[in-house]
Amino acid sequence: FIKPQKWIIDKERKLLNNILNFCNSNKINFEILSNYEKRNINFKKELNYYRNLILAKNWIIIPNIRNHSNKNNYFLIDSYEICVTMFSTLGFESFARNNKVAFFQQDNFFNLNDRNFGWPYTLPSKGNFYSNIVNYKEVSRILKYLLRINKSLWMYEANKYKKFLLIRNNN
């Protein structure tokens, strides 16, 4: 178990606040999908974690619905225009499902280079929908791109990267 270090938390704080600023400037709702269902004791802990990271109060956290019979997290992520992830499996799965996803990678640690987009392949550190930089200019650039691109052009671009990442099996 690796306890998040200050540098990971600082990067997450910058990213979340820059996303929220972008959302506020563009009249977009900002929601975070929790790792936990609402009845799980860790849901409240996670909510407090994000309250400490995000300066403003105009965002919400959505409880995880992974164990419900008629809905699941795929149902949730498919309902959003854009998903944002630092390095979650669900973010990559959303990408495989042809959803628009912004990737802001975590920094590498322990001298490993496995946090770069497209790993183990060597891709540029920035692309139209991914970056290792979380300043407002970069966050804004990526989110504007994803808002503007239509679905067919998105699928064309995403398909160029899917061979590096994750292939969806519809069954």
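All values derive from a computational prediction rather than experimental measurement.

**Q** Explain the pattern of salt bridges to me, please; I cannot follow it from the model alone.
**A** If charged atoms from side chains of opposite charge come close, those side chains can pair. What the rule picks out here adds up to 5 salt bridges. With a closest N to O distance of 2.4 Å, R97 and D78 form a salt bridge. Of this pair, R97 sits in the loop between helix 4 (89-96) and strand 4 (100-104) while D78 sits in helix 3 (residues 73-78), placing them 19 residues apart in sequence. Ionic pairing is found between R141 and E138, a salt bridge with its closest N-O pair at 2.6 Å. Note that R141 and E138 are positioned in helix 5 (residues 136-148) at a spacing of 3 residues, about one turn of the helix. Residue classification places R141 among the partly exposed positions, given a relative accessible area of 31%. A residue is classified by how much of its surface remains accessible, and E138, at 6% relative accessible area, is buried. Several salt bridges share partner residues, and in doing so they unite K126, E138 and R141 into one network.

**Q** Explanation requested: the sheet that holds strand 5 (residues 130-131) in the structure shown.
**A** Sheet architecture is open: 3 strands sit in the order 3-4-5, paired in parallel fashion. With one partner strand each, in any of the chains shown, strand 3 (82-85) and strand 5 form the two edges of the open sheet. As paired strands, strand 3 and strand 4 are joined by 4 bridges and run parallel to one another. Within strand 4, the residue paired with T85 across the bridge is F103. Of the strands in this sheet, strand 3 and strand 4 touch helix 4, which is tilted by about 145° from strand 4. Packing against the sheet, helix 5 makes contact with strand 3, strand 4 and strand 5, and its axis sits at approximately 165° to strand 4.

**Q** Looking at this structure, how should I read the packing of helix 4 against helix 6 (residues 151-165)?
**A** How two helices sit against one another is set out by the angle between their axes and by the gap between those axes. Put simply, helix 4 and helix 6 touch, their axes get as near as 10 Å, and they point 125° apart. Classed by the angle they form, the pair helix 4 and helix 6 counts as oblique. Here F92, F95 and A96 of helix 4 lie close against helix 6, whose contacting residues are W154, A158, Y161, K162 and L165. Here the residues of the contact of helix 4 with helix 6 sort into 7 nonpolar, no polar and 1 charged.

**Q** Is there a simple way to explain the nonpolar core in this structure?
**A** Formed by 37 residues in total, the largest nonpolar core has its most connected members in F30, I54, W59 and F129. At the level of secondary structure, the elements contributing two or more residues to this core comprise helix 1 (6-25), helix 2 (41-53), helix 4, strand 4, helix 5 and helix 6. The element contributing the most residues to this core is helix 1, with 6 residues. For F30, the contacting residues outside a window of four places in its chain are L16, I19, L20, C23, I54, W59 and I60.

**Q** Looking at this model, I keep getting lost on the pairing of strand 4. Mind explaining?
**A** Side chains on a regular strand alternate between the two faces of the sheet. Across the 5 residues that make up strand 4, a large majority, 5, are buried. A two-sided burial pattern is seen for strand 4, the buried positions comprising K100, A102 and F104 on one face and V101 and F103 on the other. In terms of handedness, the path from strand 3 via helix 4 over to strand 4 forms a crossover that is right-handed. As paired strands, strand 4 and strand 5 are joined by 2 bridges and run parallel to one another. By the bridge assignment, F104 is partnered in strand 5 with S131.

**Q** Explain helix 5 here, please?
**A** Owing to its 3.6 residues per turn, the α-helix aligns residues three or four sequence positions apart on the same side. With 13 residues, helix 5 should reach 18 Å at 1.5 Å per residue; the first-to-last C-alpha distance of 18 Å fits that figure. Looking only at helix 5, the buried set comprises E138, V139, S140, I142, L143, Y145 and L146.

**Q** Help me understand helix 2 in this model?
**A** Along helix 2, the residues that are buried comprise F43, E46, L47, Y50 and L53. Down the axis of helix 2, the buried side of the element spans an arc of 125°, and every buried residue falls inside it. Of the residues in helix 2, the exposed ones pointing more than 90 degrees away from the buried face are I41, K44, K45 and N52.

Conventions and cut-offs
- Residues numbered from 1 in each chain as written.
- Predicted model: local features only at pLDDT ≥ 70, side-chain atom pairs only at ≥ 80, totals over all residues.
- Heavy atoms only, no water.
- Salt bridge = Lys/Arg side-chain N within 4 Å of Asp/Glu carboxyl O.
- Helix = DSSP H or I, 4+ residues; strand = E, 2+ residues; numbered from the N terminus.
- Buried < 20%, exposed > 50% of the residue type's maximum accessible area, 1.4 Å probe, protein only.
- Pairing = 2+ DSSP bridges.
- Contact = heavy atoms within 4.5 Å.
- Axes fitted to C-alpha atoms, helices over the stretch in contact; angles between N-to-C directions.
- Parallel < 35°, antiparallel > 145°, perpendicular 65-115°, else oblique.
- Nonpolar A, V, L, I, M, F, W, Y, C, P; charged D, E, K, R; others polar.
- Core = buried A, V, L, I, M, F, W, Y, C linked by side-chain atoms within 4.5 Å.
- Right-handed = clockwise from strand over helix to strand, strands pointing away.
- Expected span 1.5 Å × (residues − 1).
- Arc of directions from axis to C-beta.

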